[in-house]
Amino acid sequence: MTGTDTLVTIIGGGVHGVHLAVRLLEAELIDLSELRIIEPAGLLEEFGQKCRQCGMTEFRSPFVHHVGSDPFSLRDFARTRCREDELVPTSVGADRPTVSLFFDHAEWICDRYDLETVVLEGRATGLVNNGDAVKIETTRDRLSSRWCLLAVGHGDSLAYPEWAEDLIPTEPMTHVWDPSFDPEGIGETSTVGIVGGGITAAQLSTTLARLPGRDVVLFARSPFRVETLEANTDWMHFSSVVEKLHAHPPASRARSELVAEARHDGTIPPYVFRRLQRALEREQIELERSEITVATEAGGTVVATCRDGSAFCLNDLICATGFGSPYDGELFCNLREQSALQTDYCGSPVLDDETLRWMCRDGTLSRIAVSGAAAQQVLGPVARNVIGARRAGDLIVGFLESELDAEKREAEL
Ligand SMILES: Cc1cc2nc3c(=O)[nH]c(=O)nc-3n(C[C@H](O)[C@H](O)[C@H](O)COP(=O)(O)OP(=O)(O)OC[C@H]3O[C@@H](n4cnc5c(N)ncnc54)[C@H](O)[C@@H]3O)c2cc1C
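From a predicted model like this one, the values you see are computed outputs, not experimental measurements.

1. Observations regarding the packing of aromatic side chains
One pass over the full model with this rule turns up 13 aromatic pairs. When the centroid spacing of 4.0 Å and the interplanar angle of 20 degrees are considered together, the rings of Phe59 and Phe102 count as stacked. One end of the pair, Phe59, is in the loop between α2 (45-53) and α3 (73-80); the other, Phe102, is in helix α4 (residues 99-112), with 43 residues separating them in the sequence. Across this residue pair, the class does not change: Phe59 and Phe102 are buried. The interplanar angle of 55 degrees and the centroid separation of 6.3 Å between the aromatic rings of Phe59 and Phe103 together place this pair among those described as tilted. Placement of the pair is Phe59 in the loop between α2 and α3 and Phe103 in helix α4, with a sequence separation of 44 residues. Each of the two residues, Phe59 as well as Phe103, counts as buried. These aromatic residues form a ring-pair network of at least three members: Phe47, Phe59, Phe102 and Phe103. Above the plane of the ring of Trp147 lies Arg367, whose end atom (NZ or CZ) is 4.4 Å from the centre.

2. Overview of unusual backbone geometry
Only a minority of non-glycine residues have a phi that is not negative, and only a minority of peptide bonds are not trans. Within the chain, Glu28 stands out as a residue other than glycine whose phi angle is a positive 55 degrees. Topologically, Glu28 is positioned in the loop between α1 (15-26) and β2 (35-39).

3. Quick word on the sheet that holds strand β16 (residues 316-319)
Read from one edge to the other, the open sheet built from 5 strands follows the order β9-β16-β10-β11-β12, with strand pairing classed as parallel. The sheet is open, and its two edges are formed by β9 (173-175) and β12 (285-288), each paired on a single side. With direction set aside, neighbouring strand axes in the sheet form an average angle of 25 degrees. Of the strand pairs in this sheet, strand β10 (residues 191-195) and strand β11 (residues 215-219) are connected by 5 bridges, and their pairing is parallel. Each residue of the ladder has a partner; that of Gly193, found in β11, is Val217. Helix α5 (residues 199-210) contacts β10, β11, β12 and β16 of the sheet and is inclined by roughly 165 degrees relative to β10.

4. Description of the packing of α2 against α4
Describing two packed helices takes the angle between their axes plus the distance from one axis to the other. Here α2 crosses α4 at 170 degrees, and the two axes come no closer than 12 Å. Regarding the angle of α2 to α4, the classification is roughly antiparallel. For the pair α2 and α4, the contacting residues are Phe47, Gly48 and Cys51 in the first and Val99, Phe102 and Phe103 in the second. Residue classes in the contact of α2 with α4 are distributed as 5 nonpolar, 1 polar and no charged.

Conventions and cut-offs
- Residues numbered from 1 in each chain as written.
- Predicted model: local features only at pLDDT ≥ 70, side-chain atom pairs only at ≥ 80, totals over all residues.
- Heavy atoms only, no water.
- Phe/Tyr/Trp six-rings, centres within 6.5 Å; stacked < 30°, edge-to-face > 60°.
- Helix = DSSP H or I, 4+ residues; strand = E, 2+ residues; numbered from the N terminus.
- Buried < 20%, exposed > 50% of the residue type's maximum accessible area, 1.4 Å probe, protein only.
- Lys NZ or Arg CZ within 6 Å of the ring centre and 35° of its normal.
- Pairing = 2+ DSSP bridges.
- Axes fitted to C-alpha atoms, helices over the stretch in contact; angles between N-to-C directions.
- Contact = heavy atoms within 4.5 Å.
- Parallel < 35°, antiparallel > 145°, perpendicular 65-115°, else oblique.
- Nonpolar A, V, L, I, M, F, W, Y, C, P; charged D, E, K, R; others polar.

In short, shape yes, function no, at least from these values alone.
Next comes the structure, spelled out in structure tokens:
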């Protein structure tokens, strides 16, 4: 596909981008020839890589949360392939799919809709809402699209502890979500430090502790908190709790605080906690409760000194400290600086609550709609999760249906 005009361009081919594409095609709002997906890494590749990087084996969310439109499609996919044993029972709520089942089903969905054929390999770097179209700058080309759906997840925004800032380019220290991090690349007879106390730190430390010859030290400064899901299920039903959010001004500090309060960030689901507990009891993982205050690179190792005075010499130090703000990725930073799109508290986009369309500074609605983490001020704490894509799909399909209809009628006149 080349840089010619397209009706709809989706930026990002992760869970949200793929789900939005499926919804648009299924609703027959557009043909495949009118759709383009800009994605640098291949459909769902980046998300799959993250699952591998932390050694995740099963999803936290139930089997009805996936990239397709029919909630039972993944269960039926498992049944017809005799893979029901890959729906893992949970103490609360529905069974959860294994990572391989989730991705095999997602690949099957992408194949059914031929989505690979509309992928343009590249990264979007800028957008201009230009009256009747959106101009899109990419690392490959300059493109134009009537409508643009932004589904870039957290972009490249990662959270590091303050003490790590000076060490970020240093070889022995990395972030679990750094694209170059490979747990298989951790050498035998290594002492590995993992920083963090949430699901990712727990999964990564139990995965590495199982490899022979690795001594794992987990730096978790706070007590572990166990929660089944990342937010209360009320938020997943998009019930009256969302109205509480919408009572505050769009993109405001009040909305941001409500979302942060409702998210169970830094928590561990019970099945991961049990694995961690077993590894701690068997002394496969050393738990350091104090916080690292200083870390210095010394001849290919990192010396980490903690608040309680203890010090560790580590061959590898991996931060499992989560994502940064979804508004601090490269694309959102560029948009904030350059464009006529409205932003407010901490750079959050001002979105229309009914359509997820990004508001222009002049008060009009742009031709750009947002899904994923950056839509959390409209959809709440699960905006970034798989289920958030379904709700974003409802709103986006809803408004595009009437807009495309109106455009068609206008063209016929
Ligand atoms: C290890 C892990 C496990 C998780 N488990 C669950 C779970 O069990 N249940 C759940 O609901 N959620 C889970 N999540 C949350 C999860 O991130 C989301 O559900 C899902 O990946 C969000 O989809 P997304 O499309 O918004 O973002 P992503 O999946 O991150 O996709 C964004 C895509 O955009 C692309 N992109 C980024 N910038 C640009 C650009 N400038 N131009 C073009 N493309 C760009 C990226 O390459 C990427 O492919 C998990 C997250 C992680 C990291």
